[in-house]
Amino acid sequence: WKNRKMNLFRRSSYGVVLFLLALSVVFSCGKHPYGPICMYALGTPVWLVISKQLLLKASFKDFVGWIPGPLFVLSIAIFAYWINWVGQGREADGVEDLDHDHIGNEWNTDVRNKYAIQIGCEPNFAEYPECKNLYDASTKEWMNDNKLPYGCQEVYDTCLDAFLIWSMPFFVSLYLFFLSHMAIYVKIDEIDGAPQGFSRLMMMLVFGLWCAASMSASNAAVTNAFVAFLLFCGLSTAVIFIFVHSRKSAEERLLSPFTDTLKKYFKTHGDWFRAFAILLCIPVAGLYACLSFLTQLVRRSGLNTIEGVPRIGEGERKLWLTKTATAQFESVKGWRWTSVLQKGLIIGLCIQTMTVLITKFTYLFLAWLKVEVKSMDLSSVTFIMVIVGILMFMFPPIPGVPIYFTSGIILVAAGERTLGTIMAIVYTCAFNLVLKLLACVVQQKCIGAPLRRNVKIRQTVGINTPLIRTIKLVLSKEGFSTVKIATLVGGPDWPTSVLCGILDLPILPILIGTLPVIIIIVPTVLSGSFVYLAEEYTWAGTASAISMSITGLIIMAMPAVTMFHIEKAMEEEKEALAQMPYDDEVLKADANEETRRNFFLSVTDWATLGVPMRAVLITGNVAMGLSCYMVMGASELCFKKFTMKDSIAEDLGGDGWSLIKFPGYIAIGMFLYGTICLYVFHRWAVRKTERAMDHGAIVGKDGIAYLEG
């Protein structure tokens, strides 16, 4: 690439690729309508750089120092205009409004349908087939003067284009606000002093995205759009940073520290990284192998006649892939494949539990419960919610937010008749706070405290590790610090409370430290309450979105705050941690576990592993991987769209199991098969390890007993 012609060819190729990328974004707008706003996010810094080159002679560093103010003012002006526009009423045009003569500019069904009709969005006849006969596909117009017929108001529920048109000024304002602040941080010379400010800005950006996503009724396609937009915002920041500090400086300041940290973690947890790559990155590896094969094919053909380019040797000609790719795939052969594949099954189990159990079936159950208790009085509903809430808090993967949200709908509806709307909301917030504290008591005293007597459990949670010892230290201190409250409120519900029991912490200070969880409960309850009130008040839908946005901000910020303060405490409390006694039983167990681990790795070594267990691990990973691809990459193919706001009767035709489509059953079946494979291998490996430890030897595949060491 040092050759002049090759340099020109490379730069020309970059230009062609960028042009084709922009062209593909334009032509794929029908399928991915968020493409233009993403290209805007990436193109704005490029346009700024070109403008500077053409109009100004100042350095890039000075230029970037000038633009934060104008960008900030422009973002505020656009946002203020958009807010003013949203609050204005406007006469309906082209959409039949069944309830009133005017519709505002707030995001609602009427506004969505208006935009969808004007831009010719495809109606969702798959879920609303009765509306198909009333639509002229050739002209893309509805009968009766292009007005939506009665009963077809939700036929455009999948029209992402309409939402993006409505929210475009918001996105532009959000991006310019983000860019104005990033311009400050990429300019400073001591870039290591900016991470905290950068993290705060990223959380503000995510808050805005969460807010807009909530306004769109939690549409999965909208979520994908926001993730893509966030990615392109990050890329635009990288563009500015590189122009300000040069590519070499950017690599030294950002890429090198990142890779050094990654290498450190890879040394201690390498098999987990490899397992994740095997489970989710196989298509990327396949594409890489294909490109390497084509590159090697060109090199072997001798078609490359550019002067100065070295020819490959005879030994390299025999390779199917390039020399680099061949070396990489050879190194893969040396992995501890048994450990990697076992961990791949564990990762798949966790992913599927979170994506299916929580986001699908938990919401389905709560939607069913919402209907069943609709006609009950407040005392009966309260009793049922106590039982259901405690039971759900007992499941480790289930967070508290779905419980708070559902109670905001159910309890407010039940209490409004006797308490009034405002007092019903206050009652629901107080109920959820008491429910959370009660769940903490049960989790800590009824689960965590008994588990403390089990050495294996204490060893599993890492009671002697620096992280857990630091958590125990900060939670044991008198008074209330930021790190203590952040740990109790920002940590996962079940694991945090159970860990407090295992650490034998006093219950009363823990409960008092958990009280600030009210900052999560109140906006979540309000969001659920406004969903119920939206049937009567038009403003309640927007209020629900804003409330859930606040919840999202807090939920995403708290773990980051928690980890920051815990890491800070680990540095500041080194002397106190050094004086803390270790758990002697766990230390002995750790020593024994190291011996056991060596036996386990020996008896499960891939080279000596039998064909049946190899088949179990390989087929299990294939099934688990395909299941993850289907559930995560093609969720709409496997499941119908369903959120906490939806109704089983209206959105699923009264049949809760219709949530799962046929491909969804296949994905669940493959997930269950992978889980069974994990269980079978684990039981076999445990028995094999125990037998080897009892005999002090390891029986190889050839039937010979090898003594330890």
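Residues numbered from 1 in each chain as written. Predicted model: local features only at pLDDT ≥ 70, side-chain atom pairs only at ≥ 80, totals over all residues. Heavy atoms only, no water.

1. As for the overall build of the protein
Broken down by element type, the protein carries 29 helices and 6 strands. For the protein, contacts bridging at least 24 residues in sequence account for 74% of all contacts bridging at least 6. Counting every atom, the protein has about 38,500 Å² of accessible surface; 66% of that belongs to carbon and sulfur. (Helix = DSSP H or I, 4+ residues; strand = E, 2+ residues; numbered from the N terminus. Contact = heavy atoms within 4.5 Å. Areas by Shrake-Rupley, 256 points an atom, 1.4 Å probe, with all protein chains shown as cover.)

2. Topic: the packing of helix α26 (residues 611-633) against helix α29 (residues 662-695)
For the pair α26 and α29, interaxial distance at closest approach is 8 Å and the crossing angle is 150°. Between α26 and α29 the crossing geometry is left-handed. The segment α26 lies against α29, with Met 613, Val 616, Leu 617, Thr 619, Gly 620, Ala 623, Met 624, Leu 626, Ser 627, Met 630 and Val 631 engaging Pro 663, Ala 667, Met 670, Phe 671, Tyr 673, Gly 674, Thr 675, Cys 677, Val 680, Phe 681 and Trp 684. Of the residues assigned to the contact of α26 with α29, the class counts are 17 nonpolar, 5 polar and no charged. (Axes fitted to C-alpha atoms, helices over the stretch in contact; angles between N-to-C directions. Left-handed = near helix turned anticlockwise from the far one by under 90°. Nonpolar A, V, L, I, M, F, W, Y, C, P; charged D, E, K, R; others polar.)

3. Looking at a nonpolar patch on the surface
Side chains of Val 16, Phe 19, Leu 20, Leu 23, Val 26 and Phe 27 sit close together on the surface and give an oily, nonpolar patch of about 630 Å² of accessible area. Relative to the helices and strands, Val 26 is located in helix α1 (residues 4-27). According to the relative accessible area criterion, Val 26 is exposed, its value standing at 54%. (Patch = residues over 30% accessible without salt bridge, like charges linked within 9 Å, V, L, I, M, F, W, Y side chains within 5 Å. Salt bridge = Lys/Arg side-chain N within 4 Å of Asp/Glu carboxyl O. Buried < 20%, exposed > 50% of the residue type's maximum accessible area, 1.4 Å probe, protein only.)

4. With respect to the pattern of salt bridges
Using the criterion set out here, one finds 3 salt bridges in the structure. Here Arg 458 makes a salt bridge to Asp 583, at a shortest N to O gap of 2.7 Å. Of this pair, Arg 458 sits in helix α17 (residues 455-460) while Asp 583 sits in the loop between α24 (574-579) and α25 (584-603), and the two are 125 residues apart along the sequence. Each member of the pair, Arg 458 as well as Asp 583, carries the same accessibility label: buried. Among the salt bridges present, the one from Arg 458 reaches Glu 585, with a minimum N-O distance of 2.6 Å. A residue pair is termed long-range when its members are at least 10 positions apart, and Arg 458 in helix α17 and Glu 585 in helix α25 qualify at 127 residues. Looking at Arg 458, the relative accessible area reads 5%, which means it is buried.

5. As for the packing of helix α14 (residues 378-393) against helix α16 (residues 421-452)
In the contact formed by α14 and α16, the axes pass within 10 Å of each other and the chain directions differ by 35°. Both α14 and α16 take part in a crossing whose hand is right-handed. Counted together, Leu 378, Thr 382, Met 385, Val 386, Gly 389, Ile 390 and Phe 393 of α14 and Tyr 427, Phe 431, Leu 435, Lys 436, Leu 438, Ala 439 and Gln 443 of α16 form the full contact between these two elements. A class-by-class count of the residues in the contact of α14 with α16 yields 10 nonpolar, 3 polar and 1 charged.

6. Concerning the confidence of the model for the protein
Taken residue by residue, the protein gives an average pLDDT of 76. The fraction at 70 or more is 77%. Within the protein, α16 carries the highest mean pLDDT (90), whereas helix α8 (residues 195-215) carries the lowest (43). Every residue in residues 90-102 scores below 50 in pLDDT, and together they form 29 contacts with partners more than four places removed in sequence or on other chains. Here residues 188-220 scores under 50 on pLDDT; set against residues more than four positions off or in separate chains, the count is 68 contacts. (pLDDT = per-residue confidence, 0-100.)

7. Structural notes on the state of the cysteines
By definition, a disulfide links the sulfur atoms of two cysteines through a covalent bond. Taken as a whole and judged by the stated rule, the model has 1 disulfide. With a sulfur-sulfur separation of 2.0 Å, Cys 131 is cross-linked through a disulfide to Cys 152. Around the S-S axis, the bridge from Cys 131 to Cys 152 shows a dihedral of about -105° and counts as left-handed. Taken as a pair, Cys 131 in the loop between α5 (109-119) and β3 (135-136) and Cys 152 in the loop between α6 (143-146) and α7 (160-187) lie far apart in primary sequence, 21 residues in all. (Disulfide = S-S within 2.5 Å.)

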